[in-house]
Every structure is written in C-alpha cells, then in structure tokens.
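Reading the structure
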Amino acid sequence: MENDDLEFTPYRDIFPYKTFRPQQREMLDETFNVVAHGADERVLLISAPTGSGKSSNVIPAIKYAKANMMKVIIAISTKTQISIYINELESIIGLDKLDTHLVTNFSSMFNNCLSLPKAPDYDLSNATNISSFLNGCRKIEELPNYDLKKVTTANNAFANCYNLSKVPQSILNLPSCASCESMFNACSSLTSIGNIDAPIVTALNSMFYNCTNLQKVGEINAPECTSYKEMFYNCKFRYAPITEFYKGKDLTGIYNSCNSMIEIDHMNAPEATTLYNAFYSCRAIRKIGRINAPKCTDARGMFNACWYVVSIDLSGMVLSSLTQYSSIFSNCGRNARPDDGAYAQNIPYIYVRNEEDRTWLLNLSSSYRPTSWNTNNVIVAGSAQDLREK
C-alpha cells in the first residue's frame, strides 16, 4: 500500500494499534470491501504466516456490522483461540446489567482480559468457585465489595492484576473457603492488606507470591491451614506477618526473598516437617527468634543467604532429627561492602550455648553433620560478636 496512515482507513476509530504490520492494512482493506460491497465479494480467503495480523481482520467486519445492525461470527477450532480476542476486550455492552445473584461458578469468567478497565460490580453472594475470576486483568486498580462468604475455592482469583492497589475487607472474609492458593499472586501494586479470616482454609500457598510492594498485612485467622508454601515470596514488609502456624506442616519458602524483613520475633510451628528455604535470601534480617519446630526433618537452605543475620535461636528444633539440611547456613552473615560489591564472611562459625553457659563451635567451612551436634539445651546460635555482646 502506498499510504499506511490510519487517518485514511474507514476503521481507524476502532483499530487498537498505532501502526500496521507488513501487508496488514492491505488485508484489512480487502476485508472491509468484501463485507461492505456486493454479493459477488462475500467470500475472502487469506493465507498468511503466524504474526502477520490475520486475527485483526475482524476489525473492519465489526466496523461495518456495527453501522448496519449486523453480527460478526468468529469460528475457532479450539477454545484457547478465543483468548486472542478476549485479551483485547475493553468493554462489553450490557455487562453491568447481568443478574448474577443465583450464579455459583465464576471460574475464569474474565481470565486474561488484559484490557478490561475495571472489575464488574456483580452479586457474588452465592458464588462457590471464583478461581481465576479476574486473573490477568492488568488494568484493574480496585475491587468492588464482593460478598464471598460462600466461596469454597478462590485459587488465582485476582492473580496477575498488576495495577490492583485496593482490596476491600469483604473480600478477605472467607468463612467457607478451603483453598486460596495464589489468590493475589503477582499483584505488584498492593501495599497493604487487611485482616484475613479463613477459619477452614487448608492451603494458602503463594497467596501473595511476588507482591513486591506489599508492606503491611493484617491479622490472619487460618487455624486449619497445613500448607503455606511461598505464601509471602518476595514481599516487602519489615516484620513477619505470621509467626503462629498451628497445624502448618509445609512452610517451604514462607518468607523466601523477603529482602526488607529485619526481624522475626519467633516462629511456632509444632507440626511442621518442612522448612526448606523458609528464610532463603532474607538478606536484611538480623535476628531470628526461637523457632519451635520439633518435627522438622527438611531444613535445606533454611537460612541460606541471610547476609546480615547475627542471632538465630534454634532451641525449639531437634537438629539431630534433620534428614535434609544441605546449605542450611550457607552465606550467613555476609555483610555487603558498598565500595566494590565484594562480600566478607563474618560468621564462619555457628556458636551454640546451653543453659550451663557451655559453648560449642561449629565450623561452617568444613563438612558437618547435624546428627553429631549436642543441642538439647540450645539457647542461641549466632556470631561470635553477638555472644560477646551478651
């Protein structure tokens, strides 16, 4: 075509992009001519490689159909192909008029509607399944006051809503929910969350995974939860929002990569068997209070890359019962040197002291086996400097 300027196209007001791909405008113009002119030109066959913009041929058809009170029918061979069109969806006429008060299943209703500008204000009072309800709706900034009291499954409900910054308290009231896995996964604009009431939930895995700006979390009532895997991965709070894990068995990566966290007062996990990477790469943390996890067998990488840690209380763990413990203290106490980016190993040893003030010295640079440690009355494990200050 001699002129690729959108200004000279009859469908310029609904074409969503600034420029055409090679030969794309020629295809679109030909489509418009076919639908707008004469019975002899009702059929058009286009063969073009992937990425040439074939799917956009519905745009001139929609332009003509809308002006003439007609419909456009799109035939697809698989249900996943509809996402090509759904991803561009910004509005649906009459969307706000849907009566949803009897609907129970909202799963994937607006999944990956990347251009949907706001969340629909629906009645969800009878909803039981909202899995992936608004997953991937990147433009949504806040949620309505949904009533989720009957919801039993909320996995990925609002995941990947990158601009979501406001969550009303009603959405966190989940008295019937058994699973909230990845509910707010990758909601990177969230800075705070209110109190969460989920009295029967059993899995909170990745609920706030990669919520990179989340700084404040209210009280969490989840007494039946058994799995917290990577619940707060890469969040930004300074103090741990949960320290009581009543029935929690799997705490894999619970605070993995929480680089802003400076202290955890204690951790009570009497049923936990797995603390794999629990504090991995918590680079700013200095003090880890008493960890009560007598049943733990897997502590691999538990304190790996805790660069600034000076005190760890292991008195609530039976270290001789660990069956997996590789890299448990790797890179502990490494303080960054801002001048050249190098690191100095400041805790080459772990000092363990019992109630009689006896001290054992464990060299981290050598091979060691926790089964040989006498830790029956451990009070503190920390750096030499930390012990001298006491």
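Residues numbered from 1 in each chain as written. Predicted model: local features only at pLDDT ≥ 70, side-chain atom pairs only at ≥ 80, totals over all residues. Heavy atoms only, no water.

1. A short note on the overall build of the chain
Along the chain, the regular secondary structure elements total four helices and twelve strands. When burial is assessed residue by residue, the chain has 43% of its 390 residues classed as buried. The long-range fraction of contacts in the chain, counting pairs at least 24 apart against all pairs at least 6 apart in sequence, stands at 54%. Only carbon and sulfur atoms are counted for the fraction: they give 48% of the accessible area of the chain, which is about 20200 Å². (Helix = DSSP H or I, 4+ residues; strand = E, 2+ residues; numbered from the N terminus. Buried < 20%, exposed > 50% of the residue type's maximum accessible area, 1.4 Å probe, protein only. Contact = heavy atoms within 4.5 Å. Areas by Shrake-Rupley, 256 points an atom, 1.4 Å probe, with all protein chains shown as cover.)

2. Describing the packing of aromatic side chains
Overall, the coordinates contain 14 aromatic pairs when judged by the stated rule. For the pair Phe110 and Tyr122, a centre-to-centre distance of 6.3 Å together with 40° between the ring planes defines the contact as tilted. Here Phe110, found in the loop between α3 (83-86) and β1 (192-193), pairs with Tyr122, found in the loop between α3 and β1; they are twelve residues apart in sequence, far enough to count as distant. The same class applies to Phe110 as to Tyr122, namely buried. Pairing Phe208 with Phe232 gives two aromatic rings, centres 5.8 Å apart and planes at 5°, and the pair type is stacked. Of this pair, Phe208 sits in the loop between β2 (196-197) and β3 (216-217) while Phe232 sits in the loop between β4 (220-221) and β5 (263-268), and the two are 24 residues apart along the sequence. Exposure class is identical for Phe208 and Phe232. Each is buried. (Phe/Tyr/Trp six-rings, centres within 6.5 Å; stacked < 30°, edge-to-face > 60°.)

3. Quick look at the pairing of strand β6 (residues 287-292)
Two elements, β5 and β6, share five bridges in a ladder whose sense is parallel. Across the sheet, the residue bridging to Asn268 is Asn292, located in β6. In this structure, β6 lies alongside strand β7 (residues 311-312), joined through two bridges in parallel fashion. Residue pairing in the sheet places Lys287 in a bridge with Ser311 of β7. (Pairing = 2+ DSSP bridges.)

4. A few points about the pattern of salt bridges
A complete count under the given rule lists five salt bridges for this structure. The salt bridge partner of Glu271 is Lys295, with a shortest N-O separation of 2.8 Å. Of this pair, Glu271 sits in the loop between β5 and β6 while Lys295 sits in the loop between β6 and β7; the two residues are 24 residues apart in sequence, bridging distant segments of the chain. On the accessibility criterion, Glu271 (29% relative accessible area) is partly exposed. Note that Arg300 is salt-bridged to Asp298, the shortest N-O span being 2.7 Å. Judged by relative accessible area, which is 6%, Asp298 ranks as buried. (Salt bridge = Lys/Arg side-chain N within 4 Å of Asp/Glu carboxyl O.)

5. Let's talk about helix α1 (residues 24-36)
For α1, with 13 residues, the first-to-last C-alpha span of 18 Å sits near the 18 Å given by 1.5 Å per residue. Where α1 is buried, its residues touch α2 (58-67). (Expected span 1.5 Å × (residues − 1).)

6. Details of the confidence of the model for the chain
For the chain, the average pLDDT comes to 80, and 76% of its residues sit at 70 or higher. Scored below 50 in pLDDT, residues 336-390 shows 101 contacts in the model against residues more than four places distant or in partner chains. (pLDDT = per-residue confidence, 0-100.)

7. A closer look at the nonpolar core
In terms of nonpolar packing, the biggest core is built from 84 residues, with Phe158, Phe184, Tyr255, Phe279 and Phe303 touching the most fellow members. Elements supplying a minimum of two residues to this core: β5 and β6. Ignoring sequence-local partners within four residues, the contact set of Phe184 consists of Phe158, Ala159, Leu164, Val167, Ile171, Leu172, Leu190, Met207, Phe208 and Cys211. (Core = buried A, V, L, I, M, F, W, Y, C linked by side-chain atoms within 4.5 Å.)

8. Points about a nonpolar patch on the surface
A cluster of nonpolar residues, Ile14, Ile62, Val72, Ile74 and Ile76, forms a patch on the protein surface that exposes about 340 Å² of accessible area. Relative to the assigned elements, Ile74 resides in the loop between α2 and α3. (Patch = residues over 30% accessible without salt bridge, like charges linked within 9 Å, V, L, I, M, F, W, Y side chains within 5 Å.)

9. Considering the side chain of Ser206
Tracing the backbone shows Ser206 in the loop between β2 and β3. Looking at Ser206, the relative accessible area reads 14%, which means it is buried. Those residues in contact with Ser206 that lie beyond four places of it in its chain are Ser182, Asn185, Lys229, Glu230 and Met231.

10. Quick look at the environment of Thr100
One can find Thr100 in the loop between α3 and β1. In this structure, the C-alpha to C-alpha distance between Thr100 and Leu124, residues 24 residues apart in sequence, is 6.9 Å. Every residue in contact with Thr100, bar those within four places of it in the chain, is listed here: Phe106, Tyr122 and Asp123. Within the local environment of Thr100, its side chain forms a polar contact with the backbone oxygen of Asp123, the two atoms lying 2.9 Å apart. (Polar contact = N/O pair within 3.5 Å; in protein donor to acceptor, adjacent residues only side chain to side chain.)

11. Observations concerning the packing of α1 against α2
Two elements in contact, α1 and α2, have axes whose closest approach is 8 Å; the angle formed by their N-to-C orientations is 30°. As α1 packs across α2, the resulting crossing turns out to be right-handed. Facing α1, whose interface residues are Leu28, Thr31, Phe32, Val35 and Ala36, α2 presents Pro60, Ala61, Lys63 and Tyr64. The residue makeup of the contact of α1 with α2, split by class, is seven nonpolar, one polar and one charged. (Axes fitted to C-alpha atoms, helices over the stretch in contact; angles between N-to-C directions. Left-handed = near helix turned anticlockwise from the far one by under 90°. Nonpolar A, V, L, I, M, F, W, Y, C, P; charged D, E, K, R; others polar.)

12. What about the state of the cysteines?
With the rule as written, the count across this model stands at zero disulfides. There is no disulfide at Cys187, and the cysteine sulfur nearest it, in Cys161, is 5.2 Å away. Its relative accessible area of 0% is what places Cys187 among the buried residues. (Disulfide = S-S within 2.5 Å.)

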